[in-house]
Structures are given as C-alpha cells and as structure tokens.
Amino acid sequence: MKSKITRMLLAVMAVAMTYGCSDELNITPDGRLTLDIIFSDSDYTEQYANSMYEYIRKYGNGYHYYTWLSAFTDDATDSQAPADTWLMLHQWNQGNFSAANPPFMAGSTTLRYSERDFWGTAFGGVRKTNVFLTRVNNMNMPNEVKRDRYMAEAHVLRAHYYFELIKNFGGVPLFAEDITRRDNFADIERASFDDCVQFIVKDCDEAIASKELPFRTMEDGQRGRMTKAVAYFIKASALLFAASPHWNPSNDVVKWQTAATAAKEALDQLVSHGYQLFPNYERFFITRPDKNQDPLDKETILEAIDTWGYGSQTYRRFGVICYLMNMIPVDFASEKCGLCPSQELVDSYEMKDGTVPILGYNDDAHTKPIINPASGYDDQKPYVDRDPRFYASVWYNGAYFGKKDGRDIYIESFVGGRHGISGIKQRTPTGYYTRKYVDPSMRSAGSSKTLWRIYRLAELYLDLAEAENEANGPTQIAYDAVNATRRRAGMPDMPTGLTKDEFRERVRRERRVEMAFEENRFYDLRRWNILVENSRLKTGMRWTKAADGTLSNERILSVDCHATANEKYYLLPIDLKEIIRMPLVKQNPGWE
C-alpha cells in the first residue's frame, strides 16, 4: 500500500511539473520525474494519460466574477455591470482590452477553478495529448485494449482543444509532435482556419476508427471521458464553423454539403446507439447525467467534470454556485442575482402556436418593437402564450416562483417591487432573472448535482438543420431536424413552404432559444457575421405599478456596449507574450 501511494504522489508531481508550455523537462536529476522516467513505467504512463483531461475548461459561470459567457452577448448581462467597474464584463463593454491585456485572462489563470485563459489552457491540453501520443507504446502500456482506448481519447481531446482554439482565435499553429522538446518557437506560423478544421476532422476520424472507444460512458468513474459520440459531434461542429459565413465568405456550397453530410452521419450514428432528447427541457438543465446501461439522460454527449472549488469549499461547484450567484433578491440570500436575460432574448421566443411575435425594431435603441399582428402578441401582456422554453428559462414580472416557508412567491420585478429592477448587483437591471440551470431543490436541500453540458444532442439536430438548408434548401431532412427540438419543447412544427432565407432566420431563432444561456450565442454571432449589429446595446423591460395596482411597462436601455460593436471582436487577441515568443504568428485584425 505504501509503495502504491508513493507511486501516486510521484505521478502527481510529474503532472505538476509538465505545466509550462515550453519548459525543458529532460533536466539534470534533482528528485523530480522526467518524461523519460514517466513513460518507462506503466502506472506513471496511465496517470499521465488521465492528466490530459485537466485542461478542459469549466464553462458555465466560471468567468470573472462568476459571470456567464452569455453575458458577453446580446442574450443577457450580469447584475454587477456596470456597478463594479473591476468586473471583466464591464471592462469588455467599455472596450478596455488589448493584446497586452487580453480578455478572459482576469485574475489567476494558473488555478483550475478559475479557468479563463482560452489560449494557454487549450494549448496546455494540446501539449499533453501530443506528449502521450508520441511516447505511448506497447512497453509502457502493454494492455492493447487500454492503449487503444487511451490513444483514441487523446485524439478526441486534441480535437476538442483545437476546436476551442479556432472558435476563439481563428487559425492557430498546428502541433502534432511533442513540443516539450522544443526550446525555440521563432519558426512557428499560424495554419489557416480550414487547415485547422481538417486537422480536427482527422483526429476525430482516428478516434471513430478505434475498436475500443465506446459511444457512451456507462459508469460514474468514466464521467466526462471522451467517446465516439464526442468525436462525431466535434467533427460535425468544426465543419459547420468552416462552412459558416465568417469563414466561408464566398459561400462555397461544397463546404455546406460537407458539413451537412457530417452532421447527418453524426446524428444517425448517435441515434442508432441510443442517444435521444431528454423528455423534459426544464428538468434537463438541473440534473446530473446518470451513468448506466439505460440512462434517463440520453441527450448529454459530454458534461464538464465538476471537481473544482477552493480547497474543500465544494459549494463553489457549478450547480451550487448557480444558486448562490443567480437568485432573486430578498427572499433568498445571495451575493448577486447574476445572469439577467435581455429583452432581445425574450423577444426571440415565439408564441406557443409557433408564430413570431417580434419581427424587429423600428429604432436603433430597440424600444419600438415591430409587432407581428398575426401573432396575437400584446406588448403590455408580453408573457402570455409564449414558447414553453421561455417559462423554463426566464423569471419575469408576475411569474410564479414557488413556495418558501409556506408562502407563495411571485416575481415582483416592477419598480419598488420585492424583486424590483434596480442598479445594484442584487437586483436585475433588465427586469428579468435566470431560471434555467438554477436548481429549485437548493431552496431547502442546500446542495445541487447539476452539471454543465459541454455538448448535447439538441445542438447536433440544429447543426444538421442549418447545414442542410444552406446546402440543399429547406428539405425534409432540415425540417425533421429542427422539428425534433421543437417537439421536445412542446412547440408546433416549423411552418412548411419556407424559402431558404426564411428557414435560415427561423432556425437561427430556434437555436437561440433552445441554447439560451449556453455558450453557443457567443460563437454563433461570430460565425454568422452578425456580431457588430447585435453588440451595441442590451435592453430590458421596466414595469411600474400605479396606485390602483395596475401595471404598465416600457422598454429601456440596460447596457451600452457600443465599444464591442467592432470588427476586431470577431476574434480574441492573442496574448502579446505569445506573439513575442512566436514572432511569425500574426496578431488578429484590430488587436495589433
């Protein structure tokens, strides 16, 4: 037993010492392990393989300070902005970042619980997978079944890390070798976006061809591990990005056809292996994927591994911190109310009969909506008869919240109300609070097992609907794909007879509401080339209550973020330190 513990401790030391990007590891012996030693021992080799996972970001509300990535889009804001000027979101809204001071780098970037270094984290994962793939062999991992699976997992992991990189930075340097043996990066150049996508596709195909990589993990100890389902998903998604307007300015239909084919193959494979949409949209986001032969949750493709916190302070895990940082004021003790949906997002939800209520705006300030007269929508009764996903995602004025201490609670976000709109961080600046992801069992139990879903089946359905429409028009394949998510939500099928342009608009709307508060909108705005026009401001709904108890509302400006309505925000800046290290790597446009 003592020998085993010692070996585990040494393995942990080995993981710790390999953190630096270009550190020379074959150093003069001083008590530390070298990679040569690690890969001469089967136990150390397996421990190293497991450590490849440590660079998967935490997602969710893990951005400074417990902010969601959704708050950096037109879907929502955070109640701390602009009151707390040190908040990264406020600095983002003000345009105060540069290559020397890049966004998503605020605070500590060396601690796993506060992961915000998009570049360094992903390349750390690339480095680890490359070391493993280069050095693993039948001597240090003699079990062929285990070796084949670990190698396949490494290929999917590397694809995942590179997918993260290209979504944020565009084309990046491609490494397939063990870069820990490098001490000079002056000759490194960026690969094109398309070359990076093909690199990702090749890794995914390598994993899919594995005999030992499963389609789904079925044991709790395997939670968060890479599978063939993840490989299929990443391949389809990367090809969708490559076909999208920002990366396909000539609208090359072959790219769309390739993306549609990959999405169709991925969906067919996953469905044939038992993947299906979770039956209850609202419940899905406050659960933990169960791991067994026939799980209730057959939708989750990859979930985040929820093991982080400040030491023993596990209350900072995702499900718990969602509650502590995203709760209505007064009735529940919370540090802030956190993520606050925008009026723009609320306007995106259809009526329950499938008609679109808001067609756009008559003014740049978004205070004069263009109301579809055929929808039956009333701007003074805006929450009546909407898409069920709206009620599952957003707390609005008048919504029934539930009971506390035997008392019924209704949301009072009107001015002066119990949860009234205000400019302090405990109250909403938009008139809305977040319902999605916030586990109601926390009201009494004090704990939550909710996990963040990195990839899920509904997104793959929408990937197929979008790519198929762009490749071949609104075919039955495209309709069936988008209608799958609508039917699960209790919405009617998409209207038939739509043109390609009309279908595109509707599937984008569907994607926005289905994936609300997930991280998709941040990237969809960019790949669709619609970032600038959707980044100027965020509005809310201010309700006031008259002396006779009647309520009236007006649309208001909640956030001015004109600084981000800039072409340079299509990509994040590469840290200046990396440009100095790799002088042939050109900085992203506008960040020079």
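Here, every reference points to the structure presented above.
The following paragraphs examine the structure supplied in this document. Here the residue index of a chain counts from 1 through its sequence in written order. In keeping with the model being predicted, local features are shown solely for residues with a pLDDT of at least 70 and side-chain atom pairs are shown and tallied solely at 80 or more, while totals for entire chains, interfaces and linings include all residues. Where side-chain values are given, they derive from all heavy atoms of the structure, hydrogens and water being excluded.

Let's talk about the overall build of the protein
For step 1, the next point in the chain: Along the protein, the regular secondary structure elements total 18 helices and 12 strands.
For step 2, the next point in the chain: We take the radius of gyration over the C-alpha atoms and set the globule estimate at 2.2 Å times the residue count to the 0.38 power. The C-alpha radius of gyration computed for the protein amounts to 24 Å, which stays within 12% of the reference 25 Å derived for 592 residues, consistent with globular compactness.
For step 3, the next point in the chain: Considering the protein as a whole, with its 592 residues, one finds that 60% of them fall into the buried category.
For step 4, the next point in the chain: Across the protein, the fraction of contacts at a sequence separation of at least 24, relative to all contacts at a separation of at least 6, is 68%. Each helix is a run of H or I in the DSSP string that is no shorter than four residues. Each strand is a run of E no shorter than two, and both are numbered from the N terminus. Each residue is placed in one exposure class: buried if its accessible area under a 1.4 Å probe, protein chains only, is under 20% of its type's maximum, exposed if it is over 50%, and partly exposed if it falls in between. A contact between two residues is defined here by any heavy atoms of the two lying within 4.5 Å.

Side note on the environment of methionine 327
For step 1, the next point in the chain: By secondary structure assignment, the location of methionine 327 is in the loop between α11 (318–325) and β3 (339–341).
For step 2, the next point in the chain: Owing to a relative accessible area of 3%, methionine 327 belongs among the buried residues under this scheme.
For step 3, the next point in the chain: When the C-alpha positions of methionine 327 and leucine 339 are compared, they lie 9.1 Å apart, and in sequence the two are 12 residues distant.
For step 4, the next point in the chain: Not counting chain neighbours up to four residues away, the residues in contact with methionine 327 comprise Phe332, Ser334, Lys336, Cys337, Phe401 and Val438.

A word on the packing of helix α5 (residues 118–135) against helix α6 (residues 144–169)
For step 1, the next point in the chain: Here, axes are lines fitted to C-alpha atoms. For helices the fit covers the stretch in contact, and angles between N-to-C directions go from 0 to 180 degrees. The contact between α5 and α6 brings their axes to 9 Å, and the two run at 155 degrees. In terms of their interaxial angle, α5 and α6 are classed as roughly antiparallel. Seen from above, α5 lies across α6 with left-handed handedness. Here Phe118, Trp119, Ala122, Phe123, Gly125, Val126, Thr129, Asn130, Phe132 and Leu133 of α5 come into contact with α6, specifically with Tyr150, Met151, Ala154, His155, Leu157, Arg158, Tyr161, Tyr162, Leu165, Asn168 and Phe169.
For step 2, the next point in the chain: Ten residue types, Ala, Val, Leu, Ile, Met, Phe, Trp, Tyr, Cys and Pro, are classed as nonpolar, four, Asp, Glu, Lys and Arg, as charged, and the remainder, Gly among them, as polar. Classifying every residue of the contact of α5 with α6 by side-chain character gives 15 nonpolar, 5 polar and 1 charged. Small angles under 35 degrees read as roughly parallel and large ones over 145 as roughly antiparallel, with 65 to 115 read as roughly perpendicular and the rest as oblique. Crossing handedness is read from the near helix: turned anticlockwise from the far helix by less than a right angle, it gives a left-handed crossing, and turned clockwise, a right-handed one.

Let's talk about the packing of helix α14 (residues 457–472) against helix α15 (residues 476–489)
For step 1, the next point in the chain: Where α14 contacts α15, the two axes come as close as 7 Å, and the packing angle between them is 150 degrees. Compared by their axis directions, α14 and α15 come out roughly antiparallel. Of the two possible hands of crossing, α14 and α15 adopt the one that is left-handed. Seen from α14, the contacting residues are Ala458, Tyr461, Leu462, Leu464, Ala465, Glu468 and Asn469; seen from α15, they are Ile477, Ala478, Ala481, Val482, Ala484, Thr485 and Arg488.
For step 2, the next point in the chain: Residues belonging to the contact of α14 with α15 are distributed by class as follows: 10 nonpolar, 2 polar and 2 charged.

A word on helix α3 (residues 42–51)
For step 1, the next point in the chain: All buried positions along α3 are accounted for by Tyr44, Thr45, Tyr48, Ala49 and Ser51. With its buried residues spanning 160 degrees around the axis, α3 presents them on a single face.
For step 2, the next point in the chain: Think of a polar contact as two N or O atoms within 3.5 Å of one another; within protein, one of them needs to be a possible hydrogen donor and the other a possible acceptor, and neighboring residues in sequence only count if both atoms come from side chains. Where α3 begins, the side chain of aspartate 41 points an oxygen toward the backbone nitrogen of aspartate 43, at a separation of 2.9 Å. The reported arc concerns the directions from the helix axis to the C-beta atoms and nothing else.

Notes on the side chain of aspartate 363
For step 1, the next point in the chain: Of note, aspartate 363 is situated in the loop between β4 (358–361) and β5 (369–371).
For step 2, the next point in the chain: At 5.6 Å, lysine 368 is the nearest oppositely charged side chain to aspartate 363, a buried residue that forms no salt bridge.
For step 3, the next point in the chain: Polar contacts involving the side chain of aspartate 363 include one to the side chain of threonine 367, which spans 2.5 Å. Positive charge is attributed to Lys and Arg, negative charge to Asp and Glu, and no charge count is given to His or to the chain ends. Within this document, salt bridges are pairs made up of a side-chain nitrogen of Lys or Arg and a carboxyl oxygen of Asp or Glu, the two lying within 4 Å of each other.

Overview of the pattern of salt bridges
For step 1, the next point in the chain: Taken as a whole, this structure holds 57 salt bridges when the rule is applied.
For step 2, the next point in the chain: Here arginine 509 ties to glutamate 505 by a salt bridge, and the two come within 3.1 Å at their closest N and O atoms. Taken as a pair, arginine 509 and glutamate 505 lie in helix α16 (residues 500–514) at a separation of 4 residues, close to a single helical turn.
For step 3, the next point in the chain: Given the relative accessible area of 11%, arginine 509 is considered buried.
For step 4, the next point in the chain: Look at glutamate 505 and you get partly exposed, because its relative accessible area is 36%.
For step 5, the next point in the chain: Among the ionic contacts, a cluster of salt bridges with common partners joins Glu299, Glu350, Asp387, Arg389, Lys436, Arg456, Arg486, Arg488, Arg506, Glu510, Glu514 and Glu518.

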